[in-house]
Amino acid sequence: MENRRWKWYYDWYVLLGIALVLLSVVLYVIHFAFFRDSHHIFIYMLGDLAFLPVEVLLVTLIVHRLLDVRERRTRMEKLNMVIGAFFSEMGSKLLQGLSDFDTECAEIENSMLLELGWTDKDFLEASRTLQRHECRIGSREEDLEDLRDFLNKKRDFLLTLLENPNLLEHETFTDLLWSVFHLTEELDLRDKMTGLPEEDMEHICGDIGRAYSLLLREWLGYMKHLKQEYPYLYSLNVRMNPFNPEASPVVQ
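Residues numbered from 1 in each chain as written. Predicted model: local features only at pLDDT ≥ 70, side-chain atom pairs only at ≥ 80, totals over all residues. Heavy atoms only, no water.

A. Here's a closer look at the overall build of the protein chain. Broken down by element type, the protein chain carries nine helices and zero strands. Across the protein chain, helices and strands are ordered from the amino to the carboxyl terminus as α-α-α-α-α-α-α-α-α. Contacts in the protein chain between residues far apart in sequence, at least 24 positions, make up 77% of those at least 6 positions apart. When the accessible surface of the protein chain is split by element, carbon and sulfur atoms take 58% of a total near 17000 Å². (Helix = DSSP H or I, 4+ residues; strand = E, 2+ residues; numbered from the N terminus. Contact = heavy atoms within 4.5 Å. Areas by Shrake-Rupley, 256 points an atom, 1.4 Å probe, with all protein chains shown as cover.)

Structure below.
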């Protein structure tokens, strides 16, 4: 079906091109029939052909490029709104919950304590800390059931996000959503969260570690975006930082 559609588009462009060329020929014939001046026709034809490369440069390489950049910026802005909805609805709470499984979380807590005065240099240093950090997910059977219940409640929300076509513009966020959705399925398919075989627990820890690592990087990148574009939203997220045990929306 898809191949037929592309063939139809291709045939349509070919027919349109042939029709336009024939129309041009007909108009030149009419011009010659009325004025009998082939010299005038060829002068303007050559003039138009000489300007054609410049026109291609202006329209295709410059104007089209500017429009493409503007359209891409608009799509990315919409995507950042989707990312914002994700962290507001479940991402921040999920990050807080998954960090409890990371036995080495203390190594990055201080680096993740955002401040209002952070600069690009601070975000870069925090990003480097995350790159060096190796998540060590420990088995916490007592928390797995709560995690499963939380993710199940957000399943429909996750599916709605995955249906958004703008996600094609942001591969890392798409990978994050798929990893979280996979973790949701893994936990939901198990009747109980206690007494699991050691190999199975290692598998679940691997899924948690994958989602947690992607979530950390995406969260930091989104915080940088808020700092640059929406300082008031950044201020709220600084106060509600999931790595701050004393987080509070109250401005102090």
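B. Local environment of the packing of aromatic side chains. All told, the structure shown has eight aromatic pairs when counted by the stated rule. Taken together, a centroid distance of 6.3 Å and an interplanar angle of 80° make the contact between Trp178 and Phe181 edge-to-face. On the criterion of helical spacing, the pair formed by Trp178 and Phe181 is a turn pair, its members being three residues apart in helix α7 (residues 171-188). Members of the aromatic cluster, each reached through a chain of ring pairs, are Phe86, Phe87, Phe173 and Tyr222. (Phe/Tyr/Trp six-rings, centres within 6.5 Å; stacked < 30°, edge-to-face > 60°.)

C. Spotlight on the packing of helix α5 (residues 141-153) against helix α8 (residues 198-229). Here α5 crosses α8 at 55°, and the two axes come no closer than 13 Å. Judged by the inter-axis angle, α5 sits oblique to α8. The handedness of the crossing between α5 and α8 comes out as left-handed. From α5, Glu141, Leu144 and Leu147 reach across to α8, where they touch Met201, Ile204 and Ile208. (Axes fitted to C-alpha atoms, helices over the stretch in contact; angles between N-to-C directions. Parallel < 35°, antiparallel > 145°, perpendicular 65-115°, else oblique. Left-handed = near helix turned anticlockwise from the far one by under 90°.)

D. Layout of a nonpolar patch on the surface. There is a patch of nonpolar side chains on the surface, built from Trp12, Tyr13, Leu16, Leu20, Leu23, Val26, Leu27, Ile30, Phe34 and Phe35 and spanning about 1100 Å² of accessible area. Along the chain, Tyr13 turns up in helix α1 (residues 2-35). (Patch = residues over 30% accessible without salt bridge, like charges linked within 9 Å, V, L, I, M, F, W, Y side chains within 5 Å. Salt bridge = Lys/Arg side-chain N within 4 Å of Asp/Glu carboxyl O.)

E. Spotlight on the confidence of the model for the protein chain. Across the protein chain, the average pLDDT comes to 83, with 86% of residues at or above 70. Mean pLDDT across the elements of the protein chain bottoms out in α1 (71) and peaks in helix α9 (residues 231-239) (93). (pLDDT = per-residue confidence, 0-100.)

F. Spotlight on the pattern of salt bridges. Enumeration according to the criterion identifies seven salt bridges in this entry. The partner of Arg155 in a salt bridge is Asp188, with the nearest N and O atoms 3.4 Å apart. Here Asp188 lies in helix α7 and Arg155 lies in helix α6 (residues 155-162), a separation of 33 residues in the sequence. Between Arg190 and Asp200 there is a salt bridge; the shortest N-O distance is 2.5 Å. Of this pair, Arg190 sits in the loop between α7 and α8 while Asp200 is found in helix α8, placing the two residues ten residues apart along the sequence.

G. Here's a closer look at the packing of α6 against α7. Packing of α6 against α7 brings their axes to within 10 Å, and their N-to-C directions diverge by 145°. For the pair α6 and α7, the sense of crossing is left-handed. Within the contact between the two elements, α6 uses Arg155, Leu158, Leu159, Leu161 and Leu162 and α7 uses Leu177, Trp178, Val180, Phe181, Thr184, Glu185 and Asp188. Within the contact of α6 with α7, the residues separate by chemical class into eight nonpolar, one polar and three charged. (Nonpolar A, V, L, I, M, F, W, Y, C, P; charged D, E, K, R; others polar.)

H. Spatial organisation of the environment of Gly91. Relative to the elements of secondary structure, Gly91 occurs in helix α2 (residues 38-99). A C-alpha to C-alpha distance of 9.8 Å links Gly91 and Leu216, two positions 125 residues apart in sequence. In this structure, Gly91 is in contact with Phe86 and Leu215, ignoring residues within four places of it in sequence.

I. Up close: α5. In this model α5 runs 19 Å from its N-terminal to its C-terminal C-alpha over 13 residues, within 8% of the 18 Å that 1.5 Å per residue would give. Looking only at α5, the buried set comprises Leu144, Leu147, Arg148, Phe150 and Leu151. Angular distribution of buried residues about the axis of α5 spans 165°; they occupy a single face of the element. Exposed residues lying more than 90 degrees from the buried face of α5 are Glu142, Asp146 and Lys153. (Expected span 1.5 Å × (residues − 1). Buried < 20%, exposed > 50% of the residue type's maximum accessible area, 1.4 Å probe, protein only. Arc of directions from axis to C-beta.)

J. Examining the side chain of Lys154 more closely. Within the fold, Lys154 resides in the loop between α5 and α6. Non-local contacts of Lys154, meaning those with residues more than four positions away in its chain, are made with Glu89 and Met90.

K. Quick look at the environment of Ser38. Secondary-structure assignment places Ser38 in helix α2. With relative accessibility at 35%, the residue Ser38 sits in the partly exposed group. Sequence-wise, Ser38 and Tyr28 are ten residues apart; in three dimensions their C-alpha atoms are separated by 9.2 Å.

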